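# Architecture at a glance
What follows is the residue order along each chain.
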Amino acid sequence: MSEVEELRAWIAKTQGLDAARVADLVRQVEAEAAALREKASAEASEESGDANGSFKQIATSSSLSASGSAMKVSEIGSGYQPGSQAWYDQVIAVDPNDPNHVYLGLEEMFESRDGGATWKAIGRYWNFGMKCFSYDPAENTCDGDVMHSDQHALAFSQWKGGTPEVFVGNDGGAYARPTAQTTAGWRNLNESGTLRDLQYYSVRAGRMTDGSGDAVWGGLQDNGVSLLAPKGATYQGQQLNPNGEMVSPYGGDGGDQLVNPDNGCQTVGEYVDLALQITNNCGYTASDDGSEDVITDIAPGDPGARFTAPFGADETDPNGLWVAGGQYVWGNTRTWQSTSGADWTKLYDLGAGHSASAVVSRNHVTWAAWCGPCSAVDGTFARGIATDYGGTWHQVSLPAAFPDRYVSGLAIDPSDASGKTVYAVINGFSRHWNEGPGAGYGHVWRTTDGGATWTDVSGDPAASDSFPDAPANAALITKDGTLVVATDLGVFTSTSTGHWARLGTDLPTSPAVYLAPSPDGGQVYVATHGRGIWKTPTP
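So, here is what we can say about the structure in this document. (Residues numbered from 1 in each chain as written. Predicted model: local features only at pLDDT ≥ 70, side-chain atom pairs only at ≥ 80, totals over all residues. Heavy atoms only, no water.)

Moving on to the sheet that holds strand E6 (residues 165-170). Across the sheet, which stays open at both edges, the four strands sit in the order E5-E6-E7-E8 with antiparallel pairing between neighbours. Only two strands of the sheet have a single partner each, and these edge strands are strand E5 (151-157) and strand E8 (187-188). (Pairing = 2+ DSSP bridges. Helix = DSSP H or I, 4+ residues; strand = E, 2+ residues; numbered from the N terminus.)

This is how it looks when you write it as structure tokens:
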């Protein structure tokens, strides 16, 4: 007799139940036993590390926010909790010497030493708003468990004879600490000055009025706007840089940048979405708490600007006209006297769903490139170019061969005062590197008739001196007519149509994304996205 049959007989004998009732009870017992077996198997699988087994959740947004996070609702407010940006920053790693020691990077860095049963925030988003924080350093009681936000990479070192450490890479650079450390604090690897990994979007320079040299400004990915003034520089009697250090007058994300070439302390910086801010004194404030208002919001309030939106000054009248682009092309004639977004005027509507990717103006002739949808992968991506050349705003007709890719830069030829000779540089790769047809060939195109016709001047792809098949990001034309183009593989120049040469030496092979002349025109500044700002003599 089987165990089940014995159970049925025992129940019937001791409980006086009929066979049908006994069968029901047996089925219930069997179902409960099966559930217990499944639960035990799942738990065993969870602990075994079998990727095919069941998983259990060991962290939630609410549990992480209660672990010392600066993103707790009571600290930062609702709507932005741990994991809100997991599409952008998400990394997890296990200490190779302890399977229960786990590091989790989201906006902040978290640590568990018991396999996820409990967590501790060991790299807070910031200290602002927390009870420990004070603008007065003497009253600030926050510990050292704070680093830059947005974690992306984790690695471990186990050097022979050395202390095992964990290394963290985030939007602010790199940090490290021993894996055995349980006290607060990180070693900031960026402070050495040799880890040159700044991700710039832009660079501009202006001469200091005290004659000390040039002030160099740049917009950074999630590191605000940097200012490197000459050591010892002063402005209106204030010492700006007594120790020769770079500072950040603007926080958050940086973007495009505008600087008065004749006054390096006058600049317009960008946060995101064309959120423009102006300062006329290098952003200097004598107050520790920032209560002295030296940076003014002058955003035009565009409804469709890109995350990093383009703006700049007219190249022949930099103090008389500024242009900017979102869904609309904007103009500003108050320039350095601007006090609010009301100083901008709509010049042209690029169209609903369209957003400017590049703007340029010379002799008050303005050109604007746009995309929209800009990031679509379903075949609906579109791009175009508009201009007021000829006196009225209009869309130019691009030929069928013009690449169906992002137009990242425009440059007006200074030798043609009419503004009808323009170069367009194009991002992405040519057709044979793309997944499907239609992307088009070439990276540098030129019009000499106001956009009526366009010619690919990238050169013969088979020639050794043709333009590289790499994303082109920005263009600059020097006073002697040399065309300079920044690409993901460095900077290239052309003095003869279709023939190109690499500019200078020592520039790292990293994305060069922005070009700007020095105030005297003798140097070209290059902003790279990952290796900082460089300069070289103007070709």
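Counted by the stated rule, this structure contains three disulfides. Between Cys-132 and Cys-142 runs a disulfide, and the two sulfur atoms are separated by 1.9 Å. An S-S torsion of about 85° defines the bridge between Cys-132 and Cys-142 as right-handed. Linking Cys-132 in the loop between strand E4 (120-123) and E5 with Cys-142 in the loop between E4 and E5, this pair joins segments that are ten residues apart in sequence. Assigned by exposure class, Cys-132 and Cys-142 land together as buried. Across the disulfide from Cys-265 sits Cys-282; the S-S distance is 2.0 Å. Negative torsions about the S-S bond denote left-handed disulfides, and the value of about -90° found for Cys-265 with Cys-282 makes this one left-handed. Remark: Cys-282 occurs in the loop between strand E17 (276-279) and strand E18 (296-297) and Cys-265 occurs in strand E16 (residues 263-270); sequence separation between them is 17 residues. For the pair Cys-265 and Cys-282, one class covers both residues: buried. Regarding the disulfides, the protein chain carries the connectivity 1-2, 3-4, 5-6 under sequence-order numbering of its bonded cysteines. (Disulfide = S-S within 2.5 Å. Buried < 20%, exposed > 50% of the residue type's maximum accessible area, 1.4 Å probe, protein only.)

What follows is about the packing of aromatic side chains. Enumeration according to the criterion identifies 17 aromatic pairs in this entry. Ring geometry for Trp-367 versus Trp-454: centroids 6.5 Å apart, planes at 90°, classification edge-to-face. Residue Trp-367 is found in strand E24 (residues 365-371), and its partner Trp-454 is found in the loop between strand E29 (444-447) and strand E30 (455-456); the two are separated by 87 residues along the sequence. On the basis of relative accessible area, Trp-367 is assigned to the buried category, the value being 0%. When its relative accessible area of 8% is taken as the criterion, Trp-454 is described as buried. These aromatic residues form a ring-pair network of at least three members: Tyr-80, Tyr-125, Trp-126, Phe-128, Phe-133 and Tyr-135. If you follow Arg-177 out to its NZ or CZ, it ends over the ring of Trp-186, 4.7 Å from the centre. When the ring centre of Tyr-328 is taken as reference, the NZ or CZ atom of Lys-346 above it lies at 4.2 Å. (Phe/Tyr/Trp six-rings, centres within 6.5 Å; stacked < 30°, edge-to-face > 60°. Lys NZ or Arg CZ within 6 Å of the ring centre and 35° of its normal.)

Another point: the sheet that holds strand E23 (residues 355-362). Across the sheet, four strands lie side by side as E23-E24-E25-E26; this open sheet has antiparallel pairing. Two strands close off the open sheet at either side, each with one partner strand: E23 and strand E26 (394-395). Sheet topology places strand E25 (residues 383-387) next to E26; two bridges connect them, and they run antiparallel. Looking at E26, one finds that Ala-386 is bridged to Gln-395.

Within this structure, the stated rule accounts for nine salt bridges. Where Glu-111 meets Arg-113, a salt bridge forms, and the shortest distance between an N and an O atom there is 3.2 Å. Given a relative accessible area of 8%, Glu-111 falls into the buried group. Of the charged contacts in the structure, one is a salt bridge between Arg-383 and Asp-404, with a shortest N-O distance of 3.4 Å. (Salt bridge = Lys/Arg side-chain N within 4 Å of Asp/Glu carboxyl O.)

Turning our attention to the side chain of Arg-383. In this fold, Arg-383 is placed in strand E25. You can call Arg-383 buried: its relative accessible area is 16%. Separated by 2.9 Å, the side chain of Arg-383 and the backbone oxygen of Pro-403 make a polar contact. At a separation of 3.4 Å, a polar atom in the side chain of Arg-383 contacts the side chain of Asp-404. Not counting the four nearest positions on each side in its chain, Arg-383 is found in contact with Trp-370, Cys-371, Leu-398, Phe-402, Pro-403, Asp-404, Arg-405 and Val-407. (Polar contact = N/O pair within 3.5 Å; in protein donor to acceptor, adjacent residues only side chain to side chain. Contact = heavy atoms within 4.5 Å.)

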